Amino acid sequence: MEVLFYWADQAGVAVFAVAGTLLAFRKHMDGFGVIVLASATAIGGGTIRDLILGLPVFWTEDQTYIYTILGSALVTIIWLRYKAYIPMTTLQVADAIGLAFFATMGAEKALSAGFSPFIAVIMGTISACFGGMIRDVLARDVPMVLKSELYATTCIVGAIVYTLLVPFYPIVALVAGMLSTLIIRLGAIRYQWSLPVFRDNPEHY
Amino acid sequence: MEVLFYWADQAGVAVFAVAGTLLAFRKHMDGFGVIVLASATAIGGGTIRDLILGLPVFWTEDQTYIYTILGSALVTIIWLRYKAYIPMTTLQVADAIGLAFFATMGAEKALSAGFSPFIAVIMGTISACFGGMIRDVLARDVPMVLKSELYATTCIVGAIVYTLLVPFYPIVALVAGMLSTLIIRLGAIRYQWSLPVFRDNPEHY
Amino acid sequence: MEVLFYWADQAGVAVFAVAGTLLAFRKHMDGFGVIVLASATAIGGGTIRDLILGLPVFWTEDQTYIYTILGSALVTIIWLRYKAYIPMTTLQVADAIGLAFFATMGAEKALSAGFSPFIAVIMGTISACFGGMIRDVLARDVPMVLKSELYATTCIVGAIVYTLLVPFYPIVALVAGMLSTLIIRLGAIRYQWSLPVFRDNPEHY
């Protein structure tokens, strides 16, 4: 399990680094604007999680995470030089895969540090959503977590599914947690699912 | 005293959660945009305070704070569905009450952890102002702390009043600290009090 | 060395506090908007560095840093009242000097806490760049770190030069690290040096 969790975590970092690089491309940033956005997306959420839990920040103890970010950003940059156009959905799909990895892995990290299932769900959500939130604030976009359909909701659902199943079937929990996040988020992007709470009130904006 | 401080802290969380929900309403956010803004406002400042002081983050140890946020947000949402219009000042007044609670409670937390009165005043200000600052950055508003009349000033005054009085009269310190923040802030909203430092220079914006 | 490092650190805080105050002036902020922007610029990066490294946050243990910020902001305000116009480059130059101090001092702090040279370079960059990034996000400017020529790059270069030389010649390392950051950054401002990675793609903005 340990090894599987480790690579799921690295995969999440890689996918979020790609998402950050794609946004930097859309915003015409220079070389290190790319690194800042890729890193903020990939390790921002996990850094905040570790700080709040009082754990050592994960990438200060294992530099492989940084190499993963740099490698992913480089591959994405090379790919973008040969491909003139990227549709908006590429960024959203990369982001959705990253959410799926981090919602489950963030919950796992809190559980294995001895925190309650309730805190684990919150930490899964923070790990998954806060990196993209920092990225969007830096790039001066409206944060996806605030404007997009079911964004944070999908992380909460994935983290809950994982937290409920992991005491019994760890591997099933990982797969089911990730799939539930991924399917709901992709469905929300494709079919505009949403969870309205307020009546329309455009006149009070 | 302990019990009184605890409930003052919970009351501050509740009022700030209401303020975050009101802003989410004005910005037409979906269900979990509401939770993100309500939580950022209610526990963002205290989280940064605890991280800087090196203390365990308060809401990871006592989940009641999270329930308070969810409950306050829910009540506010229900209320908003029956009331078509909220004036801007409702948000500002809720925010002012939250400032009053957190300016004193943030200073108290630093003092009881053994930090100096000077650091206590800074921590009262951070607890009170940073939650709303994160909220406004996420919602892409100009942060109230930067544009509004006497915003941070009121927290500094409340934290100073509290810190000076608490060694002698704890309850008087709490009431006087909160009232000084609240009265100055409400006066600033109502009568446009301000503390100018620069000559008008509109041409250099 | 200890004493030299301490004063280099204080000088970096002073210069960044001036940069924050200048931006607050351009944005017509009130008195405590000035303090918030000056403080965020001056100690924001170092605070994030200390949190991530798990060290006590530097200014909670030595209040001289806070006095330096308040003094620098006050001197800048007085100066601005007698001088109607400040060119944009004044802000950029103050910022560049701050970058030079913090890129080297941030790397030093990580090295002396026993972290690897690779982490030291990242921490030099975070110390130098993140304060200004927070300042720009709060003031709703596009962060210089993302839009400006060679901004983060200069910090990375300065931190690498320092980290490579410090085991052999500490004072040379300090001077060479600072000068390499300063010269590259000022050159980038003056001659528009940049490091393009993407083809021009204005049509996909």
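Residues numbered from 1 in each chain as written. Chains lettered and ligands numbered in written order. Predicted model: local features only at pLDDT ≥ 70, side-chain atom pairs only at ≥ 80, totals over all residues. Heavy atoms only, no water.

If you check an unreviewed UniProt entry, chain A appears there as Glycine transporter domain-containing protein from Idiomarina seosinensis. Its UniProt record gives chain A a comment under Subcellular location (unreviewed entry), which states: "Cell membrane". Taken directly from UniProt, the Sequence similarities (unreviewed entry) text for chain A runs: "Belongs to the UPF0126 family." (UniProt positions renumbered as here; feature names shortened; annotations may be inferred.)

## Focus on the packing of helix α8 (residues 151-165) of chain A against helix α9 (residues 170-191) of chain A
When two helices pack together, their arrangement is given by the angle between their axes and by how far apart the axes lie. All names here are of chain A. Relative orientation of the contacting elements α8 and α9 amounts to 165°, with a least axis distance of 8 Å. Here α8 lies roughly antiparallel to α9, going by the angle between them. Here α8 and α9 pass one another in a crossing that is right-handed. Each of Tyr-151, Thr-154, Cys-155, Val-157, Gly-158, Val-161, Tyr-162 and Leu-165 in α8 lies in contact with α9, whose residues at this interface are Pro-170, Val-172, Ala-173, Leu-174, Ala-176, Gly-177, Ser-180, Thr-181, Ile-184 and Arg-185. Grouping the constituent residues of the contact of α8 with α9 by class yields twelve nonpolar, five polar and one charged. (Axes fitted to C-alpha atoms, helices over the stretch in contact; angles between N-to-C directions. Helix = DSSP H or I, 4+ residues; strand = E, 2+ residues; numbered from the N terminus. Parallel < 35°, antiparallel > 145°, perpendicular 65-115°, else oblique. Left-handed = near helix turned anticlockwise from the far one by under 90°. Contact = heavy atoms within 4.5 Å. Nonpolar A, V, L, I, M, F, W, Y, C, P; charged D, E, K, R; others polar.)

## A look at the interface of chain B and chain A
On the side of chain A, 31 residues touch chain B, which itself brings 31 residues to the contact. Here chain B packs against chain A, burying approximately 2,800 Å² in sum over the two surfaces, 69% of which is carbon and sulfur. Taken together, the connections running from chain B to chain A amount to zero salt bridges. Inspection of the chain B/chain A interface yields one residue pair in polar contact (both at pLDDT 80 or more). At the level of elements, α1 (2-26), α2 (31-53), α3 (58-61), α4 (64-82) and α6 (117-138) of chain B are the ones that each hand at least two residues to the side of chain B that touches chain A. (Buried area = accessible area lost by both parts, 1.4 Å probe. Salt bridge = Lys/Arg side-chain N within 4 Å of Asp/Glu carboxyl O. Polar contact = N/O pair within 3.5 Å; in protein donor to acceptor, adjacent residues only side chain to side chain.)

## A closer look at the UniProt feature "domain: Glycine transporter" (unreviewed entry) in chain A
In this numbering, the UniProt entry assigns the feature "domain: Glycine transporter" (unreviewed entry) to residues 6-79 and 93-165 of chain A. Across residues 6-79 of chain A, the secondary structure splits into 86% helix and 0% strand, with the terminal C-alpha atoms separated by 27 Å.

## Points about the packing of aromatic side chains
For the structure shown, the criterion picks out 21 aromatic pairs over all chains. Relative to B:Tyr65, the ring of B:Tyr6 has its centre 6.0 Å away and its plane inclined at 65°; by these criteria the two rings are edge-to-face. Here the residue B:Tyr6 occupies a position in helix α1, and B:Tyr65 occupies one in helix α4, the gap between them amounting to 59 residues. Residues B:Phe168 and B:Tyr169 carry aromatic rings whose centres are separated by 6.5 Å and whose planes lie at 55° to one another, so their mutual orientation is tilted. B:Tyr169 shares its class with B:Phe168; the two are exposed. One aromatic cluster is present, built from ring pairs that chain together A:Tyr6, A:Trp7, A:Phe58 and A:Tyr65. Cation over ring: A:Arg49 sits above A:Phe58, and NZ or CZ is 5.5 Å from the ring centre. (Phe/Tyr/Trp six-rings, centres within 6.5 Å; stacked < 30°, edge-to-face > 60°. Buried < 20%, exposed > 50% of the residue type's maximum accessible area, 1.4 Å probe, protein only. Lys NZ or Arg CZ within 6 Å of the ring centre and 35° of its normal.)

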